[in-house]
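Read off the chains here:
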Amino acid sequence: MTAPAAPANADTNQTKSMDDIMALCKRRGFIFQASEIYGGINGFWDYGPLGAQLKKNLRDAWWQDVVMKGAGGQLGPNGKPVSIVPVDSCLIQNPKVWEASGHVGGFNDPMVDCRETKARYRADHLMCMGKKGDKQGQIYAFIEHDDASFDAALKKLSKYVKQELSKDDVDVCAFTGLSAEEIAITVGPGTKEVGTLTAPRAFNLMFKTYVGATASEDDIAYLRPETAQGIFINFKNVVDSTRVALPFGIAQTGKAFRNEVTPRNFTFRSREFEQMEIEFFCHPSETKAWYTFWRDWRMAWWQSIGLKGDNLVLREHDKDELAHYAKEGAGTSDIEYRFPFTAPGFGELEGIADRTDFDLRQHAQHSGAKLEYFDTTRGELAPNGQPKGERYLPHVIEPSAGLDRGVLAILCESYTKDDSRPSPEIMRFHPRIAPIKAAVFPLVNKDGMPEMAAKLTSELRQRFGHLGFIETDAKQSIGKRYARMDEAGCPFCFTIDGDSLTDQTVTVRDRDTGGQERIAMDKVSGFLAEKLGV
Ligand code: GAP
């Protein structure tokens, strides 16, 4: 990978406050609550000017490295360049797609309602505690990874047993493991009454809509819950219309919609979000090698754009965690990030799964289309010494990443507090991803400096404007302008001062160190190109 090294950030995210990060996101125009002037809408988020560019830069980096360079330009396990082509499929497809994929029948989350507070929970996110050794006593539910909810449950249990309990005095189990009798003696988070939680019920996550004017049951369609199926249903079209040959991948970025039971943690679990997915098709005998290849390269990619250090981990799934289609496969792993709200635990950023031939087989069966691939490089040798060819359903390795979660991880990783700096909050974005690439300041708004600044700004916009903003700002003291840029995560500021007029040099200020150096005005463009890795 050619991208420049990311700035080191030793913070493990355990000390960063999500409230601070969310406040900065709103104040500086990264992320806003959707429909905010109407009181918002739960699970939906809008991106402001800096957020929209940050998100685009991350999507573009993925697109460039995955699709255009073919897995960053490395050779695959077969010793050949990796071939990836893109598609852009519809959000709404024939509903039979979602029957075949299993989403209509099985894309459910277990949902629990509280009759007292009217709160709704994902059953698999609820945990329960009871006093150790006390089988008959009351059970108190709390929300997994939520310290406040745990403490509240412990306090209530202590009051019930009239004894100050610590976390070592309680047994903890999953709510999904409780019997109906046990649910009846459970106290829900934030409730006074006992037994107000319902038993878990399956809830389909797909958003329904109607296609056409009559809006009858026959016109029901679904907003796609993943971009992946748009790739599988176009597999044959891509093979027939391009010169791709197995092994190869099809990639797509775009919106996905899930009517999540409990959207929360800022954009982490939203109802509308964007995915960046690759379906990599290969011969069944090659899945292990390609699985390992994608898993390792995807981890290296996230590191290359700034998620370095202990906050990023690769976690191989245990066999009992695997999706139905992945049980027979080469493996499944998650790339996980330690968000401030999951710390000391981690949250999924991207999953890498061997989907076997599950999806192509399902679509072939449901649609009647022949989705087998004829591989001319395989099969027995004919008398002329050439392979006779082999017909088979390819197996698929799927690296599936969340764009919004990627942006959120980058925001959390970049957020740095340093009270010794004029702006105590600094966004240390990797230069490649930073929404503002550079700022140009006239030291004072007179003596020819504004004109020189305008000329340099224009030159830099010509060369780098497709990568992000080139800002210019003449208001307030230079210290305040640097501080504003630090908070927006602009990696480099160029200042035109009195000397610039005579010796044609400018000051470059580095966001991360605050250090300054002088360089020739005509070297600014080259300097920036090198720093941005372009
Ligand atoms: N095609 C496979 C698939 O969709 P997934 O684990 O359900 O797998 C892939 O989703 C990625 O999409 C996740 O790793 C996550 O980054 C992102 N994602 C899933 N649900 C999300 C949600 N409700 N909000 C934001 N991102 C989500």
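Structure's up top.
All of these numbers come straight from a predicted model, not from anything done at the bench.

Quick notes on the rules
Residues numbered from 1 in each chain as written. Predicted model: local features only at pLDDT ≥ 70, side-chain atom pairs only at ≥ 80, totals over all residues. Heavy atoms only, no water. Near = heavy atom within 4 Å. Polar contact = N/O pair within 3.5 Å; in protein donor to acceptor, adjacent residues only side chain to side chain. Areas by Shrake-Rupley, 256 points an atom, 1.4 Å probe, with all protein chains shown as cover. Helix = DSSP H or I, 4+ residues; strand = E, 2+ residues; numbered from the N terminus. Pairing = 2+ DSSP bridges. Right-handed = clockwise from strand over helix to strand, strands pointing away. Salt bridge = Lys/Arg side-chain N within 4 Å of Asp/Glu carboxyl O. Buried < 20%, exposed > 50% of the residue type's maximum accessible area, 1.4 Å probe, protein only. Axes fitted to C-alpha atoms, helices over the stretch in contact; angles between N-to-C directions. Contact = heavy atoms within 4.5 Å. Phe/Tyr/Trp six-rings, centres within 6.5 Å; stacked < 30°, edge-to-face > 60°. Lys NZ or Arg CZ within 6 Å of the ring centre and 35° of its normal.

**Student:** Outline the site of the ligand, supporting the account with residue identities and numerical values.
**Tutor:** As a structural note, the neighbourhood of the ligand is formed by 19 residues, with Glu226, Arg258, Glu260, Glu277 and Glu348 the closest of them. Between a nitrogen atom of the ligand and a main-chain N or O atom of phenylalanine 268, the distance comes to 3.2 Å. Between the ligand and the protein, one listed contact pairs an oxygen atom with a side-chain N or O atom of glutamine 275 at 3.0 Å. In the complex, 89% of the free accessible area of the ligand, which totals 550 Å², lies under the protein chains. Breaking the shell around the ligand down by element, the ones donating at least two residues are strand 14 (272-282), strand 17 (347-356) and strand 20 (395-402). Looking at which element gives the most residues to the shell around the ligand, the answer is strand 17, with four residues.

**Student:** Would you mind going over the pairing of strand 24 (residues 469-472) in detail, with residue names and values included?
**Tutor:** Sheet topology note: the strand 23 (residues 436-442)/strand 24 ladder contains four bridges and is parallel. Bridging across to strand 24, valine 440 finds its partner in threonine 472. A crossover links strand 23 with its parallel partner strand 24, the connecting element being helix 12 (residues 449-464), and its sense is right-handed.

**Student:** Describe the pattern of salt bridges, with residues and values.
**Tutor:** What the rule picks out here adds up to 36 salt bridges. With its nearest N and O atoms 2.8 Å apart, the salt bridge here joins aspartate 359 to arginine 355. No difference in accessibility class separates aspartate 359 from arginine 355, as the two residues are buried. Its salt-bridge partner being lysine 388, residue glutamate 380 comes within 3.6 Å of it at the nearest N-O pair. Because the salt bridges share partners, they merge into one network encompassing Arg27, Arg28, Glu425 and Glu487.

**Student:** Can you break down the sheet that holds strand 4 (residues 108-113) residue by residue, with the values?
**Tutor:** Within the open sheet, the three strands sit side by side as 5-4-10. Their pairing is antiparallel. Looking at the sheet topology across the chains shown, the edges are occupied by strand 5 (120-122) and strand 10 (201-204). Averaged over all pairs of adjacent strands, the angle between strand axes in this sheet comes to 50 degrees, irrespective of strand direction. Two elements, strand 4 and strand 5, share three bridges in a ladder whose sense is antiparallel. Residue pairing in the sheet places methionine 111 in a bridge with arginine 122 of strand 5.

**Student:** Any details on the environment of leucine 205? Residues and values, ideally.
**Tutor:** Positionally, leucine 205 belongs in the loop between strand 10 and strand 11 (208-210). Its relative accessible area of 3% is what places leucine 205 among the buried residues. The residues contacting leucine 205, other than those within four sequence positions of it, are Phe107, Asp109, Phe257, Arg258, Asn259, Glu260 and Val261.

**Student:** Would you mind going over the packing of aromatic side chains in detail, with residue names and values included?
**Tutor:** Summed over all chains, the structure comprises 22 aromatic pairs. Ring centres of tryptophan 290 and phenylalanine 293 lie 5.3 Å apart, and the angle between their planes is 80 degrees; on these two criteria the pair is classed as edge-to-face. A residue pair is termed a helical-turn pair when its members lie 3 or 4 positions apart in one helix, as tryptophan 290 and phenylalanine 293 do in helix 9 (residues 287-304) at three residues. Given the relative accessible area of 2%, tryptophan 290 is considered buried. Under the relative-accessibility criterion, phenylalanine 293 is labelled buried at 12%. Connected via pairs of aromatic rings, a cluster forms that spans Phe280, Trp290, Phe293, Trp294 and Trp297. Above the ring of phenylalanine 268, the side-chain terminus of arginine 405 is found at 3.7 Å from the ring centroid. If you follow arginine 481 out to its NZ or CZ, it ends over the ring of phenylalanine 441, 5.4 Å from the centre.

**Student:** So what about the sheet that holds strand 16 (residues 332-337)? Which residues, and what values?
**Tutor:** Spatially, seven strands are ordered 3-13-14-20-17-16-15 in an open sheet, and the strand pairing comes out mixed. The sheet is open, and its two borders are formed by strand 3 (84-86) and strand 15 (312-316), each paired with just one other strand. Ignoring strand direction, the axes of neighbouring strands in this sheet form an average angle of 20 degrees. Pairing of strand 16 with strand 17, which is carried by six bridges, proceeds in the antiparallel orientation. In the strand pairing of strand 17, serine 333 is matched with isoleucine 352.

Fair warning: the whole summary comes from geometry, so function is off the table for now.
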